[in-house]
Amino acid sequence: TECISGCVCPEGLFDDGRGGCVEEKDCPCTHNNQWYSSGDKITVDCNTCTCQKGVWSCTDHVCYGTCMIYGSGHYITFDGKFYDFDGNCEYVAIQDFCGDRNSSGSFSIITENVPCGTTGVTCSKAIKMFLGKTELKLENKEYKEIQRDVGDDVVYWNRTVGLYLVIEASNGVMLIWDKKTTVFIKLSPDYKGKVCGLCGNFDDKSNNDFTTRSGLQETNALKFGNSWKQSPMCPDVTQEIKPCDMKPHRKSWAEKECSIIQSEVFKICHSKVDPIPFYEACVHDACSCDSGGDCECFCSAVAAYAQECTKAEACVFWRTPDICPIFCDYYN
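Going along each chain's sequence as written, the residues are numbered from 1 onward. A pLDDT threshold of at least 70 governs which residues receive local features in this predicted model, and a stricter bar of 80 or more applies before side-chain atom pairs are shown or counted, although totals over entire chains, interfaces and linings include all residues. Only hydrogens and water are set aside; all other atoms, that is, all heavy atoms of the structure, feed into the side-chain values.

Time to look at the overall build of the chain. A run of H or I in DSSP counts as a helix once it spans at least four residues, and a run of E counts as a strand once it spans at least two, with each numbered from the N terminus. Per the secondary structure count, the chain includes seven helices and 19 strands. Once the C-alpha set of the chain is aligned to its principal axes, its extents read approximately 80 × 55 × 45 Å. Burial classification: accessible surface area is computed with a 1.4 Å probe over protein chains only, and a residue below 20% of its type maximum counts as buried, one above 50% as exposed, and the rest as partly exposed. Every one of the 332 residues in the chain was classed for burial, and the buried ones make up 45%. A sequence separation of at least 24 residues applies to 48% of the contacts in the chain between residues at least 6 apart. Methods summary: accessible areas were calculated by the Shrake-Rupley approach with a probe of 1.4 Å, and residue burial reflects only the protein chains presented. For the chain, the exposed area adds up to about 17,700 Å²; of that, 51% sits on carbon and sulfur atoms. In this charge count, Lys and Arg are treated as positive and Asp and Glu as negative; neither His nor the chain ends contribute. Charged groups are reduced to one reference atom each: NZ for lysine, CZ for arginine, CG for aspartic acid, CD for glutamic acid. Seen as two clouds, the 32 positive and the 47 negative side-chain charges of the chain have centres 4 Å apart. Note on contacts: a residue pair qualifies if any of its non-hydrogen atoms lie within 4.5 Å across the two residues.

In structure tokens, the structure reads:
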């Protein structure tokens, strides 16, 4: 009807979103707000995606799941649910005998949580891993093996990778421990929907992760967590602890230190992994660790975010001689 000013691509060409015109075969793709040219490949979990004519074409391998427990009571389930639970007891982190099934189960991982600092928050002090008739106890930077009378033989092997002790079992269970308060549990896809505990049920749905020991769906993290305690003698957790409210003089220091997570240092990761829950967890931990080991709690919290960034292919070199240094020569 009338002329409208603007730029239009010539017949047969397409706007590439970057101010140019391209043939259809050269259309770019976007992922996490970044542009990729046709033919570029990216890795998402254990799958490779290739950009073809503006659309991602991905392999469909079923990937290992990861649950993370770190710092003072922070949990990220296999299905990606982020929550806090501060219980002073032993809890089932994950196991594959979940009541309604007739299997005796092949493994169980228990976390022993103890108070860290004076505010009442708890950290994972020791891990027990039951593999058939073998029990492994990880505590005080080392592990010991105890043989029990009942159960199958499950072969496992261990190795040290950088700062981490890695225990891998033939039944598709892997545990990675930083010898402090961080634990990663990796499970093979065979366990999807067949596990239970504080790490959730690994069925790709995060809205049903709060399933209690008796199989009920909970919305409250405290009721859910309390149901997985190992001993009925332990007290239930009745309220969420807010250490920064209890120690307001530490709050500004904690916010200043933890701001590294939201700073330019981690900029390449922000579009791939949301920094906000990790920042809040870091402030929580930095406020609560008030009986020595201030920096250890802070460093573990930042390292947890850095680890997620690495998984999302955003490698960040954040450690410096002043911020959480590691003496690599010593560890190598």
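Let's pick the thread back up.
Strands were regarded as paired on the criterion that DSSP finds at least two bridges between them. The sheet built from five strands is open, its strands ordered β11-β12-β13-β14-β15 with antiparallel pairing. The sheet terminates laterally at β11 (90-95) and β15 (142-147), the two strands that pair on one side only. Pairwise comparison of adjacent strand axes, ignoring direction, gives a mean angle of 25° for this sheet. For β11 and strand β12 (residues 107-115), the ladder comprises five bridges, and the chain directions are antiparallel. Looking at β12, one finds that glutamate 90 is bridged to glutamate 112. For helices, the axis comes from a line fit to the C-alpha atoms of the stretch in contact; other axes are also lines fit to C-alpha atoms, and the angle between any two N-to-C directions lies between 0 and 180 degrees.

Our focus in this paragraph is the sheet that holds strand β17 (residues 164-169). With respect to topology, seven strands assemble into an open sheet ordered β10-β9-β8-β19-β18-β17-β16, the strand pairing being antiparallel. Single-partner strands in this sheet number two, and they are β10 (82-84) and β16 (156-161). Neighbour-to-neighbour, the strand axes of this sheet turn through a mean angle of 15°, independent of strand direction. Of the pairings in the sheet, the one linking strand β9 (residues 74-76) to β10 comprises three bridges and is antiparallel in character. Its bridge partner lying in β10, tyrosine 75 is registered against tyrosine 83.

A separate point is the nonpolar core. Buried Ala, Val, Leu, Ile, Met, Phe, Trp, Tyr and Cys residues that are joined via side-chain atoms within 4.5 Å together make up what is termed a nonpolar core. If you look at the biggest cluster of nonpolar residues, it comprises 45 residues, and the most contacted ones within it are Ile94, Phe107, Ile109, Ile185 and Leu187. Other than its neighbours up to four places away in sequence, isoleucine 94 contacts Phe78, Phe107, Ser108, Ile109, Ile185, Leu187, Val195, Cys196, Gly197, Cys199 and Gly200. Counting 35 residues, the second largest nonpolar core, distinct from the first, contains Ile76, Phe184, Cys244 and Phe298.

On to the pairing of strand β6 (residues 47-52). Inspection of the sheet shows strand β5 (residues 41-44) paired to β6 by four bridges, in the antiparallel sense. The residue of β6 that forms the bridge with isoleucine 42 is cysteine 49. Looking at chain direction, β6 and strand β7 (residues 55-58) are connected through four bridges and run antiparallel. Each residue of the ladder has a partner; that of cysteine 51, found in β7, is tryptophan 56.

This next bit is on the state of the cysteines. We call a pair of cysteine sulfur atoms a disulfide when they lie within 2.5 Å. What the rule picks out here adds up to 13 disulfides. Cysteine 269 shares a disulfide with cysteine 309; S-S distance 2.0 Å. Torsion about the S-S bond of the cysteine 269 and cysteine 309 cystine: about -95°, corresponding to left-handed handedness. Here cysteine 269, found in helix α4 (residues 267-270), pairs with cysteine 309, found in helix α6 (residues 294-311); they are 40 residues apart in sequence, far enough to count as distant. Of the two residues, cysteine 269 and cysteine 309, neither departs from the other in class, the shared state being buried.

With that out of the way, let us pick up the packing of aromatic side chains. Side-chain rings of Phe, Tyr and Trp (the six-membered ring for Trp) are treated as a pair once their centres are within 6.5 Å; stacked means planes under 30 degrees apart, edge-to-face means over 60, and tilted covers the remaining angles. As enumerated under the stated definition, the model contains 13 aromatic pairs in all. Consider the rings of phenylalanine 78 and phenylalanine 202, whose centres lie 5.1 Å apart with planes at 35°: the pair is tilted. Pair noted here: phenylalanine 78 is in the loop between β9 and β10 and phenylalanine 202 is in the loop between β19 (183-187) and α1 (221-227), with a separation of 124 residues, a long-range link. Given a relative accessible area of 10%, phenylalanine 78 falls into the buried group. Here phenylalanine 278 and tyrosine 305 contribute two aromatic rings whose centre-to-centre distance is 5.1 Å and whose plane-to-plane angle is 45°, an arrangement assigned as tilted. Taken together, the residues span a long stretch of sequence, with phenylalanine 278 in helix α5 (residues 276-288) and tyrosine 305 in helix α6 at a distance of 27 residues. An aromatic cluster is built from Tyr70, Phe82, Phe266, Phe278 and Tyr305, whose rings are joined through pairwise contacts.

One can find threonine 50 in strand β6. With residues up to four places along the chain from it excluded, the contact list for threonine 50 reads Gly39, Asp40, Lys41, Val55, Trp56 and Ser57.

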